[in-house]
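Each chain, letter by letter, is given below.
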Amino acid sequence: MERGPLAPSVPQHPPEPPQAMGALRHASIPGAYAWAVTVAPLLWARGDGAWIARLAAGLSLAFLLMGAGLEPRLGPRRRFAFLWAFFIACAVAWGASPGSLAPSRFDAGREIAGMLGWGLFAFAAAAPPLRRGALVSGDASDDAPEPALPSYRRPARGDRLYAIFGIALALSIQLVGLHAAIPERALLVRFVALAAGLAAIGASQELALARHAVRVARGPSARFRAVFMPLAVLLVLLMAGILADESGLVR
Amino acid sequence: MRLLDWLAAALLLGSGAAFVGGAGALSRAEDLQAIYWLGVGIASLRAAVQLVRPGAGA
């Protein structure tokens, strides 16, 4: 493989791939989404036992964030303690505020959004724990993996910024279309917004990881196809939109 | 950061704006506009990722 002009700046140890992160850390984003949709409203619960619901709702988010933050130090067994603490606190919050579960309080859009959130959380949390050493070295044997070098464990400079950028973008997409008139329409909006948010987070991760990849020098035609073709498709779409708008086609 | 990294970040931001526009149009039941903006968002997202893929560097 021939190295490009930026090859000398490539770090000796690439950043940790997202698959090597813990299951709870992976699941924290859909977990926080599910919490925000289904448990966060209980923070404003009123009536008998409301303070228990508020306390449990706050504690559940704290357990989720603490578990995700401390996962590298905790190990797999203690990680599940935080996972179950999150579940139990959510259940206590719902149980302490039975009025919020009355059918008259149900909102179809929020219900389905909550189902999607919890489904994604379950899918991410149930992902098989991938061993860090096996992933990095490609060695799938049962031997204990060698400890990673200190520089490998540190996130590269700027990667955190990419992650924050992607999450902020995903969250901003979730704020749109919260007041759709029809429940089915609200459900579709939530589904599209959730998919778009996940795509934005994935793309930001790809952008962050691509900064550390070894650049491969290619010919001008391959470079043209790789760089300019996607932009050309985008420009054609934008031009078509402008033309359609000016001709009154979409009104 | 190289120029392509900045361009990719701008495209990612643009895709987010297009997705916001698409979701907004969808909630207002303007389906044609929603499809258009979501298409622009997907194309922009794809362009952002393609720009920074190894081998695409200028």
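Residues numbered from 1 in each chain as written. Chains lettered and ligands numbered in written order. Predicted model: local features only at pLDDT ≥ 70, side-chain atom pairs only at ≥ 80, totals over all residues. Heavy atoms only, no water.

A.B. asks: Before we go on, may I ask you to explain the overall build of chain B in this structure?
C.D. replies: Helix and strand counts for chain B stand at 2 helices and 0 strands. Each of the 58 residues in chain B was classed as buried or not, and the buried ones make up 57%. For chain B, the exposed surface amounts to about 2500 Å²; the carbon and sulfur share of it is 71%. (Helix = DSSP H or I, 4+ residues; strand = E, 2+ residues; numbered from the N terminus. Buried < 20%, exposed > 50% of the residue type's maximum accessible area, 1.4 Å probe, protein only. Areas by Shrake-Rupley, 256 points an atom, 1.4 Å probe, with all protein chains shown as cover.)

A.B. asks: Got a minute to help me understand the interface of chain A and chain B in this structure?
C.D. replies: The extent of an interface is frequently quoted as the accessible surface area lost upon association of the parts. Chain A puts 37 residues into the contact, and the matching count from chain B is 40 residues. Carbon and sulfur atoms supply 76% of the area that chain A and chain B bury against each other, a total of about 3300 Å² over both sides. There are 1 salt bridge connecting chain A and chain B. Here Asp-31 of chain B makes a salt bridge to Arg-185 of chain A, at a shortest N to O gap of 2.7 Å. (Contact = heavy atoms within 4.5 Å. Buried area = accessible area lost by both parts, 1.4 Å probe. Salt bridge = Lys/Arg side-chain N within 4 Å of Asp/Glu carboxyl O.)

A.B. asks: Could you clarify how one ought to interpret a nonpolar patch on the surface in this entry?
C.D. replies: A cluster of nonpolar side chains, namely Trp-51, Ile-52, Leu-55, Leu-59, Phe-80, Trp-84, Phe-87, Ile-88 and Val-92 of chain A, defines an oily patch on the protein surface of about 880 Å² accessible area. Inspection of the secondary structure puts Trp-51 of chain A in helix H2 (residues 50-96). (Patch = residues over 30% accessible without salt bridge, like charges linked within 9 Å, V, L, I, M, F, W, Y side chains within 5 Å.)

A.B. asks: Explanation requested: the confidence of the model for chain B in the structure shown.
C.D. replies: The predicted coordinates ought not to be read in detail in places where the model reports low pLDDT. Overall, the predicted model of chain B reaches an average pLDDT of 85, with 90% of residues at or above 70. Model confidence for the complex: the whole-complex pTM is 0.54, and ipTM, which rates the interface, is 0.88. (pLDDT = per-residue confidence, 0-100.)

A.B. asks: Teacher, can you tell me more about the packing of aromatic side chains here?
C.D. replies: When we look at a pair of aromatic rings, we describe it by the centre distance and by the angle of the planes. Residues and elements named next belong to chain A. Within the structure shown, the criterion is met by 10 aromatic pairs over all chains. Their ring planes at 65 degrees and their centres at 6.5 Å tell us that Phe-63 and Phe-82 sit as a pair that is edge-to-face. Ring centres 6.1 Å apart and planes at 35 degrees place the aromatic pair Phe-86 and Phe-87 in the tilted group. Looking at Phe-87, the relative accessible area reads 30%, which means it is partly exposed. A network of ring pairs unites the aromatic residues Trp-84, Phe-86, Phe-87, Trp-94, Trp-118 and Phe-121 as a single cluster. (Phe/Tyr/Trp six-rings, centres within 6.5 Å; stacked < 30°, edge-to-face > 60°.)

A.B. asks: Sorry, what's going on with the packing of helix H6 (residues 159-174) of chain A against helix H7 (residues 183-210) of chain A here?
C.D. replies: The relative placement of two packed helices comes down to the angle between their axes together with the axis-to-axis distance. Residue and element names in this part refer to chain A. Following both chains from N to C, one finds H6 and H7 inclined at 170 degrees, their axes separated by 8 Å at the closest point. Put simply, H6 runs roughly antiparallel to H7. Across from Asp-159, Tyr-162, Gly-166, Ile-167, Leu-169, Ala-170, Ile-173 and Gln-174 in H6, the residues of H7 making contact are Arg-190, Ala-193, Leu-194, Ala-196, Gly-197, Ala-200, Ile-201, Ser-204, Leu-207 and Ala-208. (Axes fitted to C-alpha atoms, helices over the stretch in contact; angles between N-to-C directions. Parallel < 35°, antiparallel > 145°, perpendicular 65-115°, else oblique.)

A.B. asks: Help me out: how do you make sense of the pattern of salt bridges in this one?
C.D. replies: Pairs may arise between side chains of opposite charge once their charged atoms sit close together. This structure, assessed with the given rule, holds 2 salt bridges over all chains. Of the charged contacts in the structure, one is a salt bridge between Arg-28 of chain B and Glu-30 of chain B, with a shortest N-O distance of 3.3 Å.

A.B. asks: In this structure, what is going on with the environment of Leu-188 of chain A? I would like to understand it.
C.D. replies: Within the element layout of this structure, Leu-188 of chain A appears in helix H7. Residues Leu-188 of chain A and Gly-177 of chain A lie 11 residues apart in sequence; the distance between their C-alpha atoms is 10.0 Å.

A.B. asks: Hey, could you run me through the packing of helix H1 (residues 3-27) of chain B against helix H2 (residues 31-52) of chain B in this one?
C.D. replies: Residues and elements named next belong to chain B. Put simply, H1 and H2 touch, their axes get as near as 7 Å, and they point 160 degrees apart. By the angle between their axes, H1 is roughly antiparallel relative to H2. Handedness of the H1/H2 crossing: left-handed. Here the residues of the contact of H1 with H2 sort into 19 nonpolar, 7 polar and 2 charged. (Left-handed = near helix turned anticlockwise from the far one by under 90°. Nonpolar A, V, L, I, M, F, W, Y, C, P; charged D, E, K, R; others polar.)

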